[in-house]
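Chain by chain, the residues:
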Amino acid sequence: MTASTRQPVHTQSVEGFGTVTLTPVDPTADSALIHGWVTQERARFWGMGEASRELVQEIYEDVDRRTTHHAFIARRDGEPVALFQTYDCAADRVSECYEVRPGDVGVHLLIGPAEGAAEHGFSARLLTVFLAYLFSDGGQARRLVAEPDARNQKALAILERTGFVLGPEVELPEIDLPEVYLPAKRARLAFLGAPQTR
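These numbers come from a predicted model, not from an experiment.

The rules behind these values
Residues numbered from 1 in each chain as written. Predicted model: local features only at pLDDT ≥ 70, side-chain atom pairs only at ≥ 80, totals over all residues. Heavy atoms only, no water. Helix = DSSP H or I, 4+ residues; strand = E, 2+ residues; numbered from the N terminus. Rg over C-alpha atoms; globule rule 2.2 N^0.38 Å. Buried < 20%, exposed > 50% of the residue type's maximum accessible area, 1.4 Å probe, protein only. Contact = heavy atoms within 4.5 Å. Areas by Shrake-Rupley, 256 points an atom, 1.4 Å probe, with all protein chains shown as cover. Lys, Arg positive; Asp, Glu negative; His and termini not counted. Charge placed at Lys NZ, Arg CZ, Asp CG, Glu CD. Expected span 1.5 Å × (residues − 1). Salt bridge = Lys/Arg side-chain N within 4 Å of Asp/Glu carboxyl O. Pairing = 2+ DSSP bridges. Axes fitted to C-alpha atoms, helices over the stretch in contact; angles between N-to-C directions. Core = buried A, V, L, I, M, F, W, Y, C linked by side-chain atoms within 4.5 Å.

Student: Before we go on, may I ask you to explain the overall build of the protein chain in this structure?
Tutor: The secondary structure content of the protein chain amounts to 4 helices and 10 strands. Over its C-alpha atoms the protein chain spans a radius of gyration of 16 Å, differing by no more than 12% from the 16 Å that the globule rule assigns to 198 residues. Relative to its full complement of 198 residues, the protein chain shows a buried share of 43%. Sequence-distant contacts, at least 24 apart, represent 58% of the contacts inside the protein chain between residues at least 6 apart. As displayed, the protein chain offers around 11,000 Å² of accessible surface, 49% of which is attributable to carbon and sulfur atoms. Computed over 20 positive and 28 negative side-chain charges, the separation of the two mean positions in the protein chain equals 6 Å.

Student: Would you explain helix α2 (residues 53-65) in this entry?
Tutor: Helical geometry: 3.6 residues make up each α-helical turn, so side chains three or four residues apart lie on a common side. A rise of 1.5 Å per residue sets the reference length of α2, with its 13 residues, at 18 Å; its end C-alpha atoms lie 18 Å apart and thus fit the reference within 8%. Buried within α2 are the following residues: V56, Q57, Y60, D62 and V63. For α2, the elements touching its buried residues are α1 (27-38), β3 (69-76) and β4 (79-88).

Student: Which parts of the structure should I look at to understand the pattern of salt bridges?
Tutor: It is possible for side chains of opposite charge to pair when their charged atoms get near one another. The full count for this structure, using the stated rule, is 12 salt bridges. Salt-bridge contacts for D62 lead to R65; the nearest nitrogen and oxygen are separated by 3.7 Å. One end of the pair, D62, and the other, R65, are both in helix α2, 3 residues apart, so they sit about a helical turn from each other. Judged by relative accessible area, which is 9%, D62 ranks as buried. According to the relative accessible area criterion, R65 is exposed, its value standing at 59%. In the salt-bridge network here, residues are joined through shared partners; they are D62, R65 and R66.

Student: Which parts of the structure should I look at to understand the environment of F122?
Tutor: The topology assignment puts F122 in helix α3 (residues 122-134). Accessibility expressed as a relative area gives 12% for F122, which makes it buried. Between the C-alpha atom of F122 and that of I111, which follows or precedes it by 11 residues, the distance is 9.2 Å. With near-sequence residues (within four places) excluded, F122 lies in contact with F17, R76, V81 and I111.

Student: Whenever I open this one, the sheet that holds strand β7 (residues 165-172) confuses me. Can you help?
Tutor: What holds strands together in a sheet is hydrogen bonding between their backbones, with the strands either parallel or antiparallel. Taken in spatial order, the 8 strands line up as β1-β2-β3-β4-β5-β6-β10-β7 in an open sheet, and their pairing is mixed. In this open sheet, the two edge strands, each paired with only one partner strand, are β1 (10-14) and β7. Here the average twist between neighbouring strands, direction ignored, is 25°. As paired elements, β4 and strand β5 (residues 104-111) share 7 bridges and run antiparallel to each other. By the bridge assignment, F84 is partnered in β5 with L109. Against the sheet, α1 touches β2 (18-24), β3, β4 and β5, its axis set at about 90° to β4.

Student: Could you clarify how one ought to interpret the nonpolar core in this entry?
Tutor: Taken as a class, soluble globular proteins show a tendency for nonpolar side chains to be buried jointly. By size, the foremost hydrophobic cluster in this structure holds 28 residues, and its most contacted members are L126, F130, L134, L144 and F164. Among the elements of the structure, β2, β3, β4, β5, α3, β6 (143-146), α4 (153-162) and β10 (185-193) are those that each provide at least two residues to this core. Ranked by the residues each element gives to this core, the list is headed by α3, at 8 residues. Apart from residues lying up to four places away in sequence, F164 is in contact with V107, L144, A146, L159, A190, F191 and L192.

Student: So what exactly am I meant to see when it comes to the pairing of β1 here?
Tutor: Sheet topology note: the β1/β2 ladder contains 5 bridges and is antiparallel. Within β2, the residue paired with S13 across the bridge is T19. Counted between consecutive antiparallel strands, the loop separating β1 from β2 contains 3 residues, among which G16 sits at a positive phi close to 75°.

Dropping the structure here:
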């Protein structure tokens, strides 16, 4: 396995949880890890269950080439725990489903498989780190937009607990290009505005 030389874009200590770092995905070094996560049954809503490791690498090479889409590995105390993706909503298929505002940033989150018993509050604590990054000068988001699969009740519940407001169900259109294929998806929109600063 190739070691990544990429540096974290955000590091944050969370009391009682550990130090979380967000590092851009290195498609070569991280493809085996990501493949192991996205092909599990628990990740079925991610939509890559049948993907080969080579295809996973190609997909993240495509993301890596773009200036509008970004992927990160989240690590807690050095251990990879989640895949986190952001994108400019105006440059994504979600833009066909709602009225995009300047500063809208789309988000996807896949929590890695836990070793041992589930840890209460794990997802919520990770989300606080992602939100801190996205609403910082580094992330530059004014509003976050999530579009999980409409059937993914667990994801919707986590978003609501984090403060997202659920929006309408929409049909994300199929994308069929030489470099990427995405099937149509029934999704539920959710929105979270930047915290108000005094």
